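Take a look at the letters that make up each chain.
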Amino acid sequence: MEKMKVDKNLDQINVMVVDDEQDIRDGSERILVRIGFQVYKAARGDEALTLLEKEKPAIVLLDLKMPGMDGMEVLERIQKLDKPPLVIVITGYATVETAIEAMKQGAYDFIPKPFEPDQLRIVVNRAAEKIRLTRETEILELEKARTLLDLDTEKSRISTIIESLPDGVLVTNNTGQVVLMNPALKSLLDLGPDVKPGKQVEEYVTDESFCSLVMEISQGKHVDYEDIPDIEFALPNEKYLRARGQPVLGEKKECLGAVVNFADITAMKVLDRLKSEFVAKVSHELRSPLSTIHEQIAHVLNDMVGASLNDDQNILSRAKEKTQGLISMIGDLLDLSRIEEGLICHEPQPVHLDDLLRSIVEFLGARADAGDQSLQLEILSDPVPTITADPLALESIFGNLITNAINYTPENGKIRVEVDLAGINIRVKVIDNGFGIADKHFDKIFERFYRVKDEKTRYITGTGLGLSIVKGLVDSLGGIIQVDSAPGEGSTFTVLLPTTGNTG
Ligand code: ADP
């Protein structure tokens, strides 16, 4: 609407002809109307001023010599107006000096009398052009102001949104300097509303791995967004946060910094802990009555030795197997709870992994023999550096992996345990040529209770807890575990553990 009004104003330029000579007035009107102007006429000065106020013409053709109020006086009065029109003075040859004087008084142009129609057209068109240009400039200025206002409104709208987000938001520049923190983040970090951004990220968040990840993202070291891991960390105020960062890219895809959003996962963590505590408590409570039942059954079965097999004996044997299964599951659950509480690795000491593996392989060799499987240990690095760890944790890791290799490899299969060095880590591979695992299960087998059930493994008993214990322990030792496997082709579980750098 506004724009249309402005456009109409642009095109429509009204002219007022002020002259005491009727011929000039009418003649000028004819010429100007023909080329599209709307024309008002006044024969005298005072009449001109009244019309001027009413019609507000943009151009005034003003005769200087008029009876009564003369042109000069009208010109003077016009110049005092708020938005004076452009004045073109009409003057006879004899009064060129007066015309010059009028120009000094602010007239825009002049036209000598008598004039040809063309002369009038040229002079008025020139004035009209100037008015159009002025109006266009005004409109552009107006639009510029409006765009700036829009930008400003947009900016404040976006900052209102960020300010009111329930999740924390942090933005850094490409040097890791914090440039924005919303109130939700300040309250998560217990920072107080007056804390200003401007310092490096580690001044606000103390967690080292978080800070170095944010620094890497800020400096554009993560091109592939998918690779940026979520990071969970605890705050000194006992809150747990999950942070997800992404680079902020400029027009040429250059990295300008990082934007990180934070979710408060304290409630989830508390629930997880309560769940683990519950599992630990229940397992603990179940363990002794179950063990008693198991012992009683074993006792009764012992007494029956020699007697011919009957139904009761069969039932009892199955009951004994089942209770044994339950007891080992409870053992695993208790182990898991202890790992989660960080208890199992509480007594780290220098360990010679080669010796430890030798004794596990020797111990489990009997089971492998029972299935006509070969079980070999190959130490490919000599000497093997020591590891600082709780030996029980290491026994549990490799005991579980080798037991799995035995369990999931058919008779006559081959199992090999290889030890070598990979950089600063000791690498242990447990390799079998057994049933193998499809890659869709790779992540899940490390979860609690997950078991792959297919024709080959269906009848193998287990709890699905072994690998989650192994993973928990490897994590707590600062190591990595990987699986490489294919159905029918066997599996390789690789464990990397940091060494102490000591071969003694
Ligand atoms: P469990 O052996 O008690 O079932 P685990 O957590 O140790 O539980 O293993 C989870 C699953 O991973 C197993 O059920 C099995 O399907 C698969 N798995 C583990 N190790 C191997 C292996 N060496 N070869 C084939 N499958 C394996």
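Look up a bit, the structure's there.
If you're wondering where the values come from, they're calculated on a predicted model, not measured in any experiment.

Caption draft 1: Molecular detail of the site of the ligand. Taken together, 18 residues are adjacent to the ligand, and Asn 404, Tyr 408, Arg 451, Thr 463 and Leu 467 come closest. Here a nitrogen atom of the ligand and a side-chain polar atom of Asp 432 are 2.9 Å apart. With respect to the ligand, the side chain of Ser 491 contributes an N or O atom lying 3.3 Å from a nitrogen atom. Relative to its unbound accessible area of 520 Å², the ligand is 96% covered by the protein chains. Judged by its atoms lying within 2 Å of the grid points, the ligand is housed in the largest pocket. Looking at the shell around the ligand, the elements with two or more residues in it are helix H12 (391-407), helix H13 (466-476) and strand E17 (490-498). Of the residues belonging to the shell around the ligand, the class tally is 9 nonpolar, 7 polar and 2 charged.

Caption draft 2: Broad picture of the sheet that holds strand E7 (residues 178-181). On the basis of which strands lie adjacent, the open sheet formed by 5 strands has the order E7-E6-E10-E9-E8 and antiparallel pairing. Single-partner strands in this sheet number two, and they are E7 and strand E8 (231-234). Strand after strand, the sheet turns through a mean of 25° between neighbouring axes, direction not considered. Of the strand pairs in this sheet, strand E6 (residues 168-173) and E7 are connected by 3 bridges, and their pairing is antiparallel. When the sheet's bridge partners are listed, Val 171 is paired in E7 with Leu 180.

Caption draft 3: Just the pairing of strand E5 (residues 109-113), in detail. Judged by which residues are buried, E5 turns out to be one-sided: Asp 109, Ile 111 and Lys 113 face inward and are buried, whereas Phe 110 and Pro 112, on the alternate face, are not. Bridge count between strand E4 (residues 86-92) and E5: 5 bridges; the pairing is parallel. From the neighbouring strand, Gly 92 faces E5, where its bridge partner is Lys 113.

Caption draft 4: Molecular detail of the sheet that holds strand E1 (residues 14-18). Strand order in the open sheet formed by 5 strands is E2-E1-E3-E4-E5, with parallel pairing between adjacent strands. Either end of the sheet is taken by a strand with one partner, and the two such strands are strand E2 (38-42) and E5. Neighbouring strand axes in the sheet, compared pairwise and without regard to direction, differ in orientation by 20° on average. Across 4 bridges, E1 lies against strand E3 (residues 59-63) in parallel orientation. Each bridged residue has a counterpart across the sheet, and for Val 18 the counterpart in E3 is Leu 62. On top of the sheet, helix H2 (residues 22-34) reaches E1, E2, E3, E4 and E5; it is set at about 175° to E2, its chief contact. Of the strands in this sheet, E4 and E5 are in contact with helix H5 (residues 96-104), which crosses E4 at around 170°.

Criteria and thresholds
- Residues numbered from 1 in each chain as written.
- Predicted model: local features only at pLDDT ≥ 70, side-chain atom pairs only at ≥ 80, totals over all residues.
- Heavy atoms only, no water.
- Near = heavy atom within 4 Å.
- Polar contact = N/O pair within 3.5 Å; in protein donor to acceptor, adjacent residues only side chain to side chain.
- Areas by Shrake-Rupley, 256 points an atom, 1.4 Å probe, with all protein chains shown as cover.
- 1 Å grid on protein atoms, 1.4 Å probe; cavity = no way out; pocket = protein on both sides within 12 Å on 5 of 7 lines; lining within 4 Å.
- Sits in = over half its atoms within 2 Å of the grid points.
- Helix = DSSP H or I, 4+ residues; strand = E, 2+ residues; numbered from the N terminus.
- Nonpolar A, V, L, I, M, F, W, Y, C, P; charged D, E, K, R; others polar.
- Pairing = 2+ DSSP bridges.
- Axes fitted to C-alpha atoms, helices over the stretch in contact; angles between N-to-C directions.
- Buried < 20%, exposed > 50% of the residue type's maximum accessible area, 1.4 Å probe, protein only.
- Contact = heavy atoms within 4.5 Å.

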